[in-house]
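Observations on chain architecture
The lines below spell out each chain.
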2 protein chains.
Amino acid sequence: MTDARPIAIFDSGIGGLTVLAALQRRLPGERFVYLGDTARLPYGTKSAETVVRYAVRAAGFLAGHDAKLLVVACNSVSASALPALEEAMEVPVIGVVAPGARTALAATRGRVGVIGTESTVASGAYERALRALRPDVEVTARACPLFVPLAEEGWWDHPVTREVAALYLEPFTGGRVDTLILGCTHYPLLRPAIAAALGDGVRLVDSAEAVAAEVEALVAHRDLGGKGGGGVRLLVTDAAARIDRIAGLILPGTAVHLELVDLPD
Amino acid sequence: MTDARPIAIFDSGIGGLTVLAALQRRLPGERFVYLGDTARLPYGTKSAETVVRYAVRAAGFLAGHDAKLLVVACNSVSASALPALEEAMEVPVIGVVAPGARTALAATRGRVGVIGTESTVASGAYERALRALRPDVEVTARACPLFVPLAEEGWWDHPVTREVAALYLEPFTGGRVDTLILGCTHYPLLRPAIAAALGDGVRLVDSAEAVAAEVEALVAHRDLGGKGGGGVRLLVTDAAARIDRIAGLILPGTAVHLELVDLPD
């Protein structure tokens, strides 16, 4: 049995290309269709109501691409809109929060930190997911609003980024956490600066890797695997030149071709 | 003769509150209705096509508020969408680019710098406006993508902001410009850090002040003045908690009440 339908990936922008890259490494035979809602990004600074509205609209669009499952790469959407998306889609929907929480619990000795956008942190989704699985886990969360703009500027290990990381991540130093969830698709790009600010002894959990592992398991378990030659379509709702530039930063060495689509709105 | 209709102000977000504050200082008897399209911000990273589409929709909404003129506080909209807005509105439309360019030309000895968002700088609107009035003016422009997130973080004169300003503004130092246009509504908030990076000898042109002076002149010239008791309505399309917080930073000492409105989309 093979299932040649593509795997759909949805993100507010192009940070989710880190999730796409992780999925392609694990499932090279699969076809992917990626939608970045670049006309409305960022979602991470907006209210849950607005995030749900945009996400449901995007999911409806992706349903028209005959996807066999939907991966929600965006932490803000995963945190606020997963129930609404599960209701709107007829195929399995996998967000990044639950896989990230499970991976963190497998690693931690009991004290987990979470960093993300303002909306992800305000939602409390990671805390809920962590405590549902292990009620006595200690969780410290903090929003890091400048990390996305710094990543998009390409300043991944820049002195300014190291200084901002030292300020934002101070609550996670000195043994106060042993594991830190990178709860935003852009943050793995800043890994060297984040690691430097934390010092040794804090394990970093990349939610892109966590969700890719979970998708791989689901595809195997439900016999959804495609044996096609791979391939990916990258759809965006706004095609500013910076989007191309940042996509090239995230997927170096790849000829990135972004197709502009119009989401009915 | 008095004209009690409100003055409409449109911005992609709440940075335009710096323009509102400048207008209120000059025209305390006027009523204002402000619309910030916070559900779709920022515009400054998006393509001209998307900016025009969003701006025309917002102008149509403001036309329903019986405004006597429309002030476009957003530089990205002023740079890309002014002709479309003038066509869509039956009342005068004033953007920030032309007033900023005129103010800079009144101040400069011949070398003008422009800083703004990526879309404002890519549009070349300030260069065109400057050269149309003085063809031999030398213009140097540069996008400063981190300035808006730094302003919204409240790091107006923070060491990190000073370091970023020193990096971004290096092309404007050493006598290479004598006047610099702050071509984004947020940038006046960072004035101390910007001034420190430039050193003495560079005059800063605040486009918020420039447009407020031009609106004051237009109101007097066309006899559009209201003698009401002032008053302002602040409308936003997304009401995330951070919007309230940043509005409070920009308008300190004011009881800011944001009303959530739904822009048909």
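Residues numbered from 1 in each chain as written. Chains lettered and ligands numbered in written order. Predicted model: local features only at pLDDT ≥ 70, side-chain atom pairs only at ≥ 80, totals over all residues. Heavy atoms only, no water.

What chain A contains, in helices and strands, is 11 helices and 10 strands. For 265 residues, the compact-globule estimate of 2.2 N^0.38 gives 18 Å, and chain A sits close to it at 18 Å. Referenced to the eigenvectors of the C-alpha coordinate spread, the extents of chain A come out at roughly 50 × 40 × 35 Å. Burial status across chain A gives 62% buried among its 265 residues. The long-range share in chain A, meaning contacts at least 24 apart out of those at least 6 apart in sequence, stands at 77%. Between the mean site of the 25 positive side-chain charges and the mean site of the 30 negative ones, chain A shows a separation of 3 Å. (Helix = DSSP H or I, 4+ residues; strand = E, 2+ residues; numbered from the N terminus. Rg over C-alpha atoms; globule rule 2.2 N^0.38 Å. Buried < 20%, exposed > 50% of the residue type's maximum accessible area, 1.4 Å probe, protein only. Contact = heavy atoms within 4.5 Å. Lys, Arg positive; Asp, Glu negative; His and termini not counted. Charge placed at Lys NZ, Arg CZ, Asp CG, Glu CD.)

Listed per partner, the contact involves 34 residues of chain B and 34 residues of chain A. Here chain B meets chain A over a buried area of about 2600 Å², counting both sides, of which 51% is carbon and sulfur. Viewed at the interface, chain A and chain B are joined by 4 salt bridges. A salt bridge links R245 of chain A to E118 of chain B, with the nearest nitrogen and oxygen atoms 3.1 Å apart. One can count 16 residue pairs in polar contact (both at pLDDT 80 or more) joining chain B with chain A. Per-element accounting of the side of chain B that touches chain A gives the leading share, 6 residues, to helix α8 (residues 159-168) of chain B. Taken together, the residues of the side of chain B that touches chain A break down into 16 nonpolar, 6 polar and 12 charged. (Buried area = accessible area lost by both parts, 1.4 Å probe. Salt bridge = Lys/Arg side-chain N within 4 Å of Asp/Glu carboxyl O. Polar contact = N/O pair within 3.5 Å; in protein donor to acceptor, adjacent residues only side chain to side chain. Nonpolar A, V, L, I, M, F, W, Y, C, P; charged D, E, K, R; others polar.)

Another point: the relation of the copies chain B and chain A. In the superposition of chain B on chain A (RMSD 0.0 Å, axial shift 0.0 Å), the rotation amounts to 180 degrees. The symmetry that links the two subunits is that of a two-fold axis. Most of the interface of chain B is mirrored in chain A: 100% of its interface residues are interface residues there too. (Least-squares fit on C-alpha atoms with pLDDT ≥ 70 in both.)

Sheet strands line up and pair through hydrogen bonds in the backbone, either parallel or antiparallel. Residue and element names in this part refer to chain B. The strand order across the open sheet built from 4 strands is β6-β5-β7-β8, with neighbouring strands paired in parallel fashion. Both outer strands of the open sheet, β6 (138-143) and β8 (203-206), are each paired with one neighbouring strand and no more. Averaged over all adjacent pairs, the angle separating strand axes in this sheet is 20 degrees, with direction ignored. Of the pairings in the sheet, the one linking strand β5 (residues 111-116) to strand β7 (residues 179-183) comprises 5 bridges and is parallel in character. Bridge pairing links V112 to T179 in β7. The sheet contacts of helix α4 (residues 97-107) involve β5, β7 and β8, and relative to β7 the element is tilted by about 165 degrees. (Pairing = 2+ DSSP bridges. Axes fitted to C-alpha atoms, helices over the stretch in contact; angles between N-to-C directions.)

Before going further, it helps to examine the packing of aromatic side chains. Under the definition given, this model contains 10 aromatic pairs over all chains. Taking the centre distance of 5.3 Å and the plane angle of 75 degrees together, the rings of F147 of chain A and Y168 of chain A count as edge-to-face. Of this pair, F147 of chain A sits in helix α7 (residues 147-152) while Y168 of chain A sits in helix α8 (residues 159-168), placing them 21 residues apart in sequence. Assessed through its relative accessible area of 0%, F147 of chain A is described here as buried. On the basis of relative accessible area, Y168 of chain A is assigned to the buried category, the value being 1%. Judged by centre distance (5.7 Å) and plane angle (45 degrees), the rings of Y43 of chain B and Y54 of chain B are tilted. Highlighted residues: Y43 of chain B in the loop between β2 (32-36) and α2 (48-63) and Y54 of chain B in helix α2, separated in sequence by 11 residues. On the basis of relative accessible area, Y43 of chain B is assigned to the buried category, the value being 1%. Grouping aromatic residues by their ring pairs yields a cluster made of F147, Y168 and Y187 of chain A together with W155 of chain B. When the ring centre of Y54 of chain A is taken as origin, the NZ or CZ atom of R40 of chain A, which lies over that ring, is 5.7 Å away. (Phe/Tyr/Trp six-rings, centres within 6.5 Å; stacked < 30°, edge-to-face > 60°. Lys NZ or Arg CZ within 6 Å of the ring centre and 35° of its normal.)

On to the domain arrangement of chain A. Residue and element names in this part refer to chain A. The domain architecture assigned to chain A consists of domain 1 (7-95 + 209-260) and domain 2 (97-207). Between domain 1 and domain 2, the C-alpha centre-to-centre distance is 21 Å. Listed by partner, the interface residues are 26 residues for domain 1 and 23 residues for domain 2. Carbon and sulfur atoms supply 53% of the area buried between domain 1 and domain 2, which totals about 1800 Å² over both sides. Together, N75, A79 and A210 form the three largest contributors to the area buried by domain 1 at its contact with domain 2, with a combined 28%. Where domain 1 touches domain 2, the interface holds 2 salt bridges. In this structure, the salt-bridge partner of R102 is E214, at a minimum N-O distance of 2.1 Å. Taken together, the links from domain 1 to domain 2 amount to 13 residue pairs in polar contact (both at pLDDT 80 or more). (Domains from an automatic or database assignment.)

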